[in-house]
Amino acid sequence: MLYRRLLFLFGLLALTSLAYSQSGTWRHFADGTKPTSMAKDGPYLWIGTDGGIVKFDTRTDTLAVFNTGNSALPGSDAWRIIRDNTGAIWAEFRSSGIARYSNGAWNAFTTSNSALPSNSNNDIAADSLGRIWVATGKGLAKYDHGTWTSYTTANSPLTSNTITGVACDRANNVWIAVEPTSDSISALFKFNGISTWEAHSGLTDSGCLYFNWYETFSMIVARDSSLWIGMEGYIAHVQNRHW
């Protein structure tokens, strides 16, 4: 299932429209925008695009489009979409902050109205405790029920403030990928969300030779808590420090 999901995600990123099938009938939606991510929310599919966000109702085959002209979205370049443990939808934008959809309305978080360290973001994840983790260009940001905390090279073991990927496992550990600099510096970290950090590199992990040199584009934690990493030119699978 995970392998098929990875293939689907990669295919989705390459498309410039959306196709949907139910009961053997395919429908094709095209409006000139490029899909970048999807999140399932009961009967709804939330689709991030480079022109805003689409909410698709699979029961009625209807679409609702959200953009900067008809909502409080901070931008149009939606890059990642996730659903948290309360049912709220979170969208991360490449250059304009993040947004949360709850109770029928969008609320934006940017550097001008919150403690989000950067409007330039690469990834977003939610753990089962309701915390939101954002990979930004100026460190790792945590949103914990209204309170923002930033983790950087100044207050954590992170070796770069450019965070390229983030994912949460079932134990609420946070996996963080940073911009690689050399094969002797860790580019992947595991954080328990409170105080304990664990570094992964070619010096500590078996088979972790290429990871430190290639930028991470996406990360997914499987049901067995192993980590799948999409990198420039590679896909890596990490389990118990073996790659």
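Worth saying up front: this structure is predicted, and the values here are computed from it rather than measured.

1. What to know about the sheet that holds strand E13 (residues 139-144)
Taken in spatial order, the 4 strands make up an open sheet running E11-E12-E13-E14, and their pairing is antiparallel. With one partner strand each, in any of the chains shown, strand E11 (121-126) and strand E14 (147-151) form the two edges of the open sheet. Averaged over all pairs of adjacent strands, the angle between their axes in this sheet comes to 20°, without regard to strand direction. Two elements, strand E12 (residues 132-136) and E13, share 5 bridges in a ladder whose sense is antiparallel.

2. A closer look at the nonpolar core
Trp133, Leu140, Leu158 and Ile176 are the most contacted members of the largest nonpolar core, which has 16 residues in total. Mapped by element, the contributors of at least two residues to this core are E12, strand E15 (163-168), strand E16 (174-178) and strand E17 (188-191). Ile53, Phe66, Ala91 and Tyr101 belong to the second largest nonpolar core, which has 13 residues in total.

3. Considering the confidence of the model for the chain
Summarising the model, the chain shows a mean pLDDT of 83, and 78% of its residues fall at 70 or more. A low-confidence stretch, residues 1-16 stays under pLDDT 50, and its non-local contacts, those more than four residues away or across chains, total 20 contacts.

4. Side note on the side chain of Thr136
Its place among the elements puts Thr136 in strand E12. One polar contact links the side chain of Thr136 to the main-chain amide nitrogen of Lys138, over a distance of 2.9 Å.

5. Focus on the sheet that holds strand E8 (residues 89-93)
Taken in spatial order, the 4 strands line up as E7-E8-E9-E10 in an open sheet, and their pairing is antiparallel. Unpaired on one side and paired on the other, strand E7 (78-83) and strand E10 (105-109) mark the two borders of the sheet. In this sheet, adjacent strand axes meet at a mean angle of 20° when their direction is disregarded. Pairing of strand E9 (residues 97-102) with E10, which is carried by 5 bridges, proceeds in the antiparallel orientation. Each bridged residue has a counterpart across the sheet, and for Tyr101 the counterpart in E10 is Trp106.

6. Quick notes on the pairing of E7
For E7 and E8, the ladder comprises 5 bridges, and the chain directions are antiparallel. What sits directly across from Ala78, in E8, is Phe93. Hairpin connection between E7 and E8: a loop of 5 residues separates the two successive antiparallel strands, and Gly87 in this loop has a positive phi of roughly 95°.

What counts and how
Counting starts from 1 at the beginning of each chain's written sequence and moves along it residue by residue. Given that the model is predicted, a residue must reach a pLDDT of at least 70 before its local features are reported, and side-chain atom pairs must reach 80 or more before they are shown or counted; all residues, however, enter totals for whole chains, interfaces and linings. Think of the side-chain values as coming from all heavy atoms in the structure, minus any hydrogens and water. Only strands joined by at least two bridges in the DSSP assignment are considered to pair. Helix and strand assignments come from DSSP, with helices taken as H or I runs of at least 4 residues and strands as E runs of at least 2, each series counted from the N terminus. Under this scheme, a helix contributes an axis fitted over its contacting stretch, all axes are lines through C-alpha atoms, and angles between N-to-C directions fall in the 0 to 180 degree range. The definition of a nonpolar core used throughout is a set of buried Ala, Val, Leu, Ile, Met, Phe, Trp, Tyr and Cys residues joined through side-chain atoms within 4.5 Å. The cut-offs for exposure are 20% and 50% of the maximum accessible area for each residue type, with area from a 1.4 Å probe on protein chains only; residues under the lower value are buried, those over the upper are exposed, and the others partly exposed. pLDDT is a per-residue confidence score from the predictor, ranging from 0 to 100. Any two residues whose heavy atoms approach within 4.5 Å at even a single point are treated as in contact. Polar contact is defined as a pair of N or O atoms within 3.5 Å, subject to the rule that within protein one atom must be able to donate a hydrogen and the other to accept it, and that residues adjacent in sequence are counted only when both atoms are side-chain atoms.

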